[in-house]
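Okay, here's what each chain looks like letter by letter:
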Amino acid sequence: MAECPMDLINELFLRLAATTLVRCRAVSKPCFSLIDSPEFISSHLRRRLETGQHLMILLRGPRLLRTVELDSPENVTDIPHPLQAGGFTEVFGSFNGVIGLCNSPVDIAIFNPSTRKIHRLPIEPLDFPERHITREYVFYGLGYDSVSDDFKVVRMLQSKLKGGKENFGYPVEIKVFSLKKNSWKRVCLMFEVQILFIHYYYHLLPRRGYGVLANNHLHWILPRRQGIIAFNTIIRFDLASDDLGVLSFPRALYTEDDMDIGVLDGCVCLMCYDEFSHVDVWVLKEYEDVKSWTKLFRVPKPESVESVDFMRPLIYSKDRSKILLEINNAKNLMWFDLESKSLTTVGIECDSSFTADILVSSLVLGCKGDPTEAQRRKDQMVPKSNKRDGFLSKGFKLKL
Amino acid sequence: MSSSKKSSDGKSSEIEEAVASLTMPFNKILLTSSDGESFEIDEAVARKFQIIAHMIEDDCAGKAIPIDNVTGDILSKIIEYAKKHVVEPDEDEDEEAKKKLDSWDAKFVEKLDLETIFKIILAANYLNFEGLLGFASQTVADYIKDKTPEEVREIFNIENDFTPEEEEAIRKENAWTFNG
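What you are looking at is a predicted structure, and each value in this text was computed from that prediction instead of being measured. (Residues numbered from 1 in each chain as written. Chains lettered and ligands numbered in written order. Predicted model: local features only at pLDDT ≥ 70, side-chain atom pairs only at ≥ 80, totals over all residues. Heavy atoms only, no water.)

Q: Before we move on, could you go through the overall build of chain B and cite the residues and values that matter?
A: Within chain B, the secondary structure is distributed over 10 helices and 3 strands. Of the regular secondary structure in chain B, the N- to C-terminal order runs α-β-β-α-α-β-α-α-α-α-α-α-α. For chain B, with 180 residues in total, the buried portion stands at 37%. In chain B, once contacts between residues fewer than 6 apart in sequence are set aside, the share between residues at least 24 apart is 59%. When the accessible surface of chain B is split by element, carbon and sulfur atoms take 50% of a total near 10,500 Å². (Helix = DSSP H or I, 4+ residues; strand = E, 2+ residues; numbered from the N terminus. Buried < 20%, exposed > 50% of the residue type's maximum accessible area, 1.4 Å probe, protein only. Contact = heavy atoms within 4.5 Å. Areas by Shrake-Rupley, 256 points an atom, 1.4 Å probe, with all protein chains shown as cover.)

Q: Run through the interface of chain A and chain B, naming residues and quoting values.
A: Listed per partner, the contact involves 30 residues of chain A and 31 residues of chain B. Together chain A and chain B conceal approximately 2,900 Å² of surface at their shared face, both sides included; 64% is due to carbon and sulfur atoms. At the boundary of chain A and chain B, one finds 2 salt bridges. Notably, a salt bridge pairs glutamate 166 of chain B with lysine 29 of chain A, separated by 3.5 Å at the nearest N-O pair. For the pair chain A and chain B, the number of links is 14 residue pairs in polar contact (both at pLDDT 80 or more). The set of elements that each furnish at least two residues to the side of chain A that touches chain B consists of α1 (6-13), α2 (18-24) and α3 (29-36) of chain A. Taken together, the residues of the side of chain A that touches chain B sort by class into 15 nonpolar, 7 polar and 8 charged. (Buried area = accessible area lost by both parts, 1.4 Å probe. Salt bridge = Lys/Arg side-chain N within 4 Å of Asp/Glu carboxyl O. Polar contact = N/O pair within 3.5 Å; in protein donor to acceptor, adjacent residues only side chain to side chain. Nonpolar A, V, L, I, M, F, W, Y, C, P; charged D, E, K, R; others polar.)

Q: Which residues make up the UniProt feature "domain: F-box" (unreviewed entry) in chain A, and what values do they have?
A: As recorded in UniProt, the feature "domain: F-box" (unreviewed entry) lies at residues 5-40 of chain A. As annotated, residues 5-40 of chain A has a helix share of 72% and a strand share of 0%, and its two end C-alpha atoms lie 16 Å apart. (UniProt positions renumbered as here; feature names shortened; annotations may be inferred.)

Q: Outline the pattern of salt bridges, listing residues and values.
A: Applying the stated criterion across every chain, the model contains 34 salt bridges over all chains. Of the charged contacts in the structure, one is a salt bridge between arginine 155 of chain A and glutamate 173 of chain A, with a shortest N-O distance of 2.8 Å. Of this pair, arginine 155 of chain A sits in strand β9 (residues 150-158) while glutamate 173 of chain A sits in strand β10 (residues 172-178), and the two are 18 residues apart along the sequence. No difference in accessibility class separates arginine 155 of chain A from glutamate 173 of chain A, as the two residues are buried. Note that lysine 28 of chain B and aspartate 42 of chain B form a salt bridge whose closest N and O atoms lie 2.5 Å from each other. One end of the pair, lysine 28 of chain B, is in strand β1 (residues 28-32); the other, aspartate 42 of chain B, is in strand β2 (residues 38-42), with 14 residues separating them in the sequence. Note on accessibility: lysine 28 of chain B and aspartate 42 of chain B belong to one class, buried. Salt bridges sharing common partners tie together Arg25, Asp36 and Lys368 of chain A together with Glu173 of chain B.

Q: Got a sec to walk through the pairing of strand β15 (residues 243-247) of chain A? Specific residues and values, please.
A: Residue and element names in this part refer to chain A. Bridge count between strand β14 (residues 233-238) and β15: 5 bridges; the pairing is antiparallel. Across the sheet, residue phenylalanine 237 finds its bridge partner in β15, namely leucine 244. Between the end of β14 and the start of β15, which pair antiparallel, lie 4 residues, with aspartate 242 showing a positive phi angle near 60 degrees. (Pairing = 2+ DSSP bridges.)

Q: How would you sum up the sheet that holds β10 of chain A? Please name residues and give values.
A: All names here are of chain A. Taken together, 4 strands build an open sheet; the order of strands is β8-β9-β10-β11 and the sheet is antiparallel. The open sheet terminates on both sides in strands that have one partner only, identified here as β8 (138-145) and β11 (183-186). Direction aside, neighbouring strands of the sheet carry axes that sit 20 degrees apart on average. (Axes fitted to C-alpha atoms, helices over the stretch in contact; angles between N-to-C directions.)

Q: With reference to specific residues and values, describe the confidence of the model for chain A.
A: Taken as a whole, chain A shows an average pLDDT of 87; of its residues, 88% reach a score of 70 or greater. With pLDDT under 50 throughout, residues 384-400 of chain A is counted as low confidence; its partners more than four residues away or in other chains account for 14 contacts. (pLDDT = per-residue confidence, 0-100.)

Q: Break down the sheet that holds strand β17 (residues 267-274) of chain A for me, citing the residues and quoting the values.
A: Neighbouring strands of a sheet are bound in pairs by backbone hydrogen bonds; such pairs are parallel or else antiparallel. Residues and elements named next belong to chain A. Here 4 strands make up an open sheet; going across it, the order is β16-β17-β18-β19 and the pairing antiparallel. If you trace the sheet from one side to the other, it starts and ends with β16 (260-264) and β19 (293-300), each paired once. The sheet shows a mean angle of 30 degrees between the axes of neighbouring strands, direction not considered. Of the pairings in the sheet, the one linking β16 to β17 comprises 5 bridges and is antiparallel in character. Bridge pairing links valine 263 to valine 268 in β17.

Q: Please give an account of the domain arrangement of chain A that cites residues and values.
A: All names here are of chain A. Partitioning chain A into structural domains gives domain 1 (1-53) and domain 2 (54-364). Centre-to-centre, using C-alpha coordinates, domain 1 lies 32 Å away from domain 2. Each partner contributes to the interface: domain 1 provides 17 residues, whereas domain 2 provides 11 residues. Where domain 1 abuts domain 2, roughly 1,100 Å² becomes buried across the two surfaces, and 70% of that area is made up of carbon and sulfur atoms. Area buried by domain 1 at its contact with domain 2 is led by Ala18, Leu45 and Gln53, which between them contribute 37% of it. Inspection of the domain 1/domain 2 interface yields 0 salt bridges. Inspection of the region where domain 1 meets domain 2 yields 3 residue pairs in polar contact (both at pLDDT 80 or more). Elements that contribute at least two residues to the side of domain 1 that touches domain 2 include exactly α2 and α4 (38-51). No other element matches the 7 residues that α4 contributes to the side of domain 1 that touches domain 2. Here the residues of the side of domain 1 that touches domain 2 are counted per class, giving 10 nonpolar, 5 polar and 2 charged. (Domains from an automatic or database assignment.)

Q: Which residues make up the packing of α3 of chain A against α4 of chain A, and what are the values?
A: All names here are of chain A. Where α3 meets α4, the axes come as close as 5 Å, and the angle between the chain directions of the two elements is 65 degrees. On the side of α3, the interface is formed by Leu34, Ile35 and Asp36, while α4 contributes Pro38, Phe40 and Ile41. Split by residue class, the contact of α3 with α4 holds 5 nonpolar, no polar and 1 charged.

Q: I'd like to hear about a negative patch on the surface, residue by residue, with values.
A: A cluster of like negative charges, contributed by Asp319 of chain A together with Asp90, Glu91, Asp92, Glu93, Asp94 and Glu96 of chain B, occupies part of the molecular surface. As for its position among the elements, aspartate 94 of chain B is in the loop between α4 (72-84) and α5 (95-110). (Patch = residues over 30% accessible without salt bridge, like charges linked within 9 Å, V, L, I, M, F, W, Y side chains within 5 Å. Lys, Arg positive; Asp, Glu negative; His and termini not counted. Charge placed at Lys NZ, Arg CZ, Asp CG, Glu CD.)

Q: Explain the side chain of asparagine 174 of chain B to me, using residue names and the numbers behind them.
A: Mapped onto the fold, asparagine 174 of chain B is located in the loop between α9 (164-173) and α10 (175-178). The exposure class assigned to asparagine 174 of chain B is buried, which follows from its relative accessible area of 1%. Of note is the side chain of asparagine 174 of chain B, whose polar atom sits 3.0 Å from the backbone oxygen of cysteine 367 of chain A. Contact partners of asparagine 174 of chain B, with chain neighbours within four places excluded, come to Val22, Arg25, Cys367 and Gly369 of chain A.

Q: How would you explain the pairing of strand β4 (residues 90-95) of chain A if you had to name every residue and give the values?
A: All names here are of chain A. For β4 and strand β5 (residues 98-104), the ladder comprises 5 bridges, and the chain directions are antiparallel. Bridged to glutamate 90 within β5 is cysteine 102. Connecting β4 to the antiparallel partner β5 that follows it, the hairpin turn spans 2 residues, and asparagine 96 within it adopts a positive phi of roughly 50 degrees.

Q: Please give an account of the nonpolar core that cites residues and values.
A: Membership of the largest hydrophobic core comes to 118 residues, with the highest contact counts inside it found for Phe13, Leu59, Phe197 and Leu244 of chain A together with Leu31, Phe49 and Phe156 of chain B. Considering every element that reaches this core, the biggest residue donor is helix α6 (residues 114-127) of chain B, with 7 residues. Here this core gathers at least three residues from each of two domains, domain 1 (1-53) and domain 2 (54-364) of chain A. When near neighbours in sequence (up to four residues on either side) are disregarded, phenylalanine 197 of chain A contacts Met156, Gln158, Tyr170, Val172, Leu189, Tyr202, Leu222, Ile235 and Leu244 of chain A. (Core = buried A, V, L, I, M, F, W, Y, C linked by side-chain atoms within 4.5 Å.)

Listed below in structure tokens is the structure:
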């Protein structure tokens, strides 16, 4: 048979999952150049987004990451935590195949689970001493700015000690990292936003500190607290202008307790809990039109759980008749049928310590392995002092 | 207008062809492969090939159209597929029909060897037959998704132009996918 023409190979490669393409780099020089080319990487991503093919559920467990193919849940791949530090690595966002990982505010990375390419962010020191902040008060966000075609990471923290003199109230620090520049930048707050932080100190429940990406903005809820903070606020970070502002939402929800924010099909949505009974989901249909907030559907509490403390919609089914929901944790991943209002569990192999995100199969960040990465991983495993001490210190590593 | 579904894949002489093109009913098109095989098909089927649909729109489709890049055996397979897919069943409205068609598609491609499928992909690309191009490409993509680089080279007849050192370097870079 004559050699296969390259444009036929191109068309076939565009249909493959990213993990397969990593292997195909070793086929020949033309294949290698093709797969590493920025044009192919964008075409491949575009094809994945258009067809919805090779979508995965990314499960974050305490000791590993696990990917499960949405269309064939029996295809499971385990990935050891690339930021393994003996502690709990968090996943704070997923976009176009890239996820945000953090162990602490100074140990952050972005990672592509399909290509295993990791980009560690340069360490950006905190304004406040570490003892003045705790995990509950750090906001993270993984964003993508479509204007500059750049991945960004936002880190926001508040000191629990009121600052004296100039910094009256609870000081807040916001910094944004740009992948293209590979550097951090401080974000200066407008007064109208600064005052949200000055008097109030926000206590975030687990996973509520992760920014939600929609319309080129990252969103977080600054939650109300009975007797202390009257109203919920939604703040939004504009990834193009690097500004922090506020998003309007229905007044009826200003005093909702434990309201959550999410994104469904590119639209911001709010989850309002009646923990033993149901969850209402509101959706902002037109981003700049506050009147387009609509209560879209109500999910009854499934019988298999005692209460619903956390619910996130992940994705519509291909025929848009169902929505995949994570209820409390990844053990309860369920398809919610919009018409019959019934819930069907997806048989996912994990326990209640796992959380879920949707992951696109892409080559974003490229496939070039980092030869120093393997060495660094080896170095991390070797204890600093003699072996016995090392064994003890690993288990007692204090985490922020 | 009733359309007869029989395909004529016997060879015609020049005179017979000329007569046929004069007396053929309006909704029939004659395709001739590069090696002289002729196929009489309904216009609706011929329109699945965008290249021919455009010719019909532009009114420059004679009754007999030569397909110079495709041999008879491949063209007949393509026509067979096109006939089955003249009307695509709506997934929502007629799930039964869609399932039946998918099953037919699977059997259709099962009987073909890889070389034939490649030729079909090239021909479908030339004829601009989206449906078959997509289906055949996906079939091949599914086939190679778990294959090693060596197997992929063999399937596509691609030369390994890496030096052993270069290949080793790439395998080291992405060691996690090459080991085990």
